[in-house]
Amino acid sequence: MAARYYDGESAGVQEVLLRVTASELVIYRPADSSIVARWPVADLSVLGDSQHEAVPPVILRGSEARLAIEDPAWRKQLAALVPALKPLALEPVKVAPRLGAYSLAIVALIGLFWSAIEYGTGYAAPLLPYSWQVKLGETVLDQLIADEEECTGKAGLAAINRLANDLAKEAGYPHEVTVHVVKGGPVNAFTLPGSILVFYSDLIDQATSTQVAGVLAHEIGHVVHYHPTKGLVRAYGFDLLIKLLTGGYSDVLTTFGSGGTALLALRNGRAFEREADETGVRLLEKSGLRADGVSTFFEQMLKKKPEDAATEAGIWSSHPPTQERIAATKRPPSGKLPFTTAEWQALKNVCK
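How each quantity is defined
Residues numbered from 1 in each chain as written. Predicted model: local features only at pLDDT ≥ 70, side-chain atom pairs only at ≥ 80, totals over all residues. Heavy atoms only, no water. Helix = DSSP H or I, 4+ residues; strand = E, 2+ residues; numbered from the N terminus. Expected span 1.5 Å × (residues − 1). Buried < 20%, exposed > 50% of the residue type's maximum accessible area, 1.4 Å probe, protein only. Contact = heavy atoms within 4.5 Å. Pairing = 2+ DSSP bridges. Axes fitted to C-alpha atoms, helices over the stretch in contact; angles between N-to-C directions. Core = buried A, V, L, I, M, F, W, Y, C linked by side-chain atoms within 4.5 Å.

### Describing helix α4 (residues 154–170)
In this model α4 runs 24 Å from its N-terminal to its C-terminal C-alpha over 17 residues, within 8% of the 24 Å that 1.5 Å per residue would give. All buried positions along α4 are accounted for by Gly156, Leu157, Ala159, Ile160, Asn161, Leu163, Ala164, Asn165, Leu167 and Ala168. In this structure, the buried residues of α4 make contact with β8 (178–182), β10 (196–200), α6 (209–224), α9 (270–286) and α13 (341–348). Downstream of α4 by a residue or two, glycine 172 has a phi angle that is positive, lying close to 80°.

See below:
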């Protein structure tokens, strides 16, 4: 039997032959048959086995020397002669079937986990302590508007907050809603956890009273369905999933403290946007208010930027196609105006 011999003392390797007797394994040089070593059979062992290693080394217990036998047939022959070396003759594990089964199991587990995240957030989000939701919303708000000017006109803020809470109560929402107005653009509004709404004054300046009410009702739709909090719960779930798949590494929540990262985690998907559109229109109609402002706002955005209307209407969300939203929210211009003349004037001057 041919083998490679490592003496355990130097880096050199010798090509040797092996001969087995009743009591020892004789290792000798093929050129002149000189003896390299005599290993007692009782002291032989194998490091590992042939199921998991290509060439498991034969060792002499108490020594650093090693023998590597490349030929599987010779390994089997040696194992037959020396029972202690049986691990040399084990059949290699068939990796492909096991790998396939393992891969299928991993895919199935990921699918189950993903489904649990997607569907579980709807049940878990409202169960989070509301004080936590408010704290998170306030933290993100402070980061977002740290370098911006917040409008402080009391009458204007009272008008938009009055309508926001009227709509929320119409939906049976148990918490108070707070609307902040930030000076400037973009033409946008968004919702944070804890019933916190942010409107930019450019939206108020460029919209009619019914359009402002329509956007506000849409955002109340996000509030009453806990969409921002569901987005947060989903972000935590995905973070955990990534950690499971990567052995513990994920920076989803490590970088969550920045406002932009938080909004990405809290952003709404198309299903949330459609639900907020439908809820907003329904709340306006239940309140006896004009509900045509939702669709006319989308129409106005589409005229200004046909190629980017969905983004312009809400830069933090993945919105459905604008034409689809117009068709879904189209209503006649009937019902009461959402603001009194004095309220609307105060809201238009909220930043002055």
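Picking up where we left off.
### Some words on the sheet that holds strand β9 (residues 189–192)
Reading across from one edge, β8-β10-β9 is the order of the three strands in this open sheet, with mixed pairing throughout. Across the chains shown, the open sheet's two edge strands, defined by having one partner strand only, are β8 and β9. Between one strand axis and the next, the sheet turns by 20° as a mean value, whatever way the strands run. The sheet contact formed by β8 and β10 spans five bridges and is parallel. The residue bridging threonine 178 from the neighbouring strand is isoleucine 196, located in β10. Where α4 meets the sheet, it contacts β8 and β10, and its direction lies at approximately 140° from that of β8.

### Concerning the nonpolar core
In terms of nonpolar packing, the biggest core is built from 44 residues, with Val177, Phe199, Leu203, Val212 and Ile220 touching the most fellow members. Taken together, the elements giving at least two residues each to this core come down to α4, β8, β10, α5 (201–206), α6, α9, α10 (293–304) and α13. At eight residues, the largest contribution of residues to this core is made by α6. Once you skip the residues sitting within four places of it in the chain, valine 177 turns out to touch Asn161, Ala164, Asn165, Ala168, Ser195, Leu197, Ile220 and Val223. The next biggest cluster of nonpolar side chains, apart from the first, holds 22 residues, and it includes Met1, Ala3, Trp39 and Ile69.

Shape descriptors only; they carry no functional weight alone.
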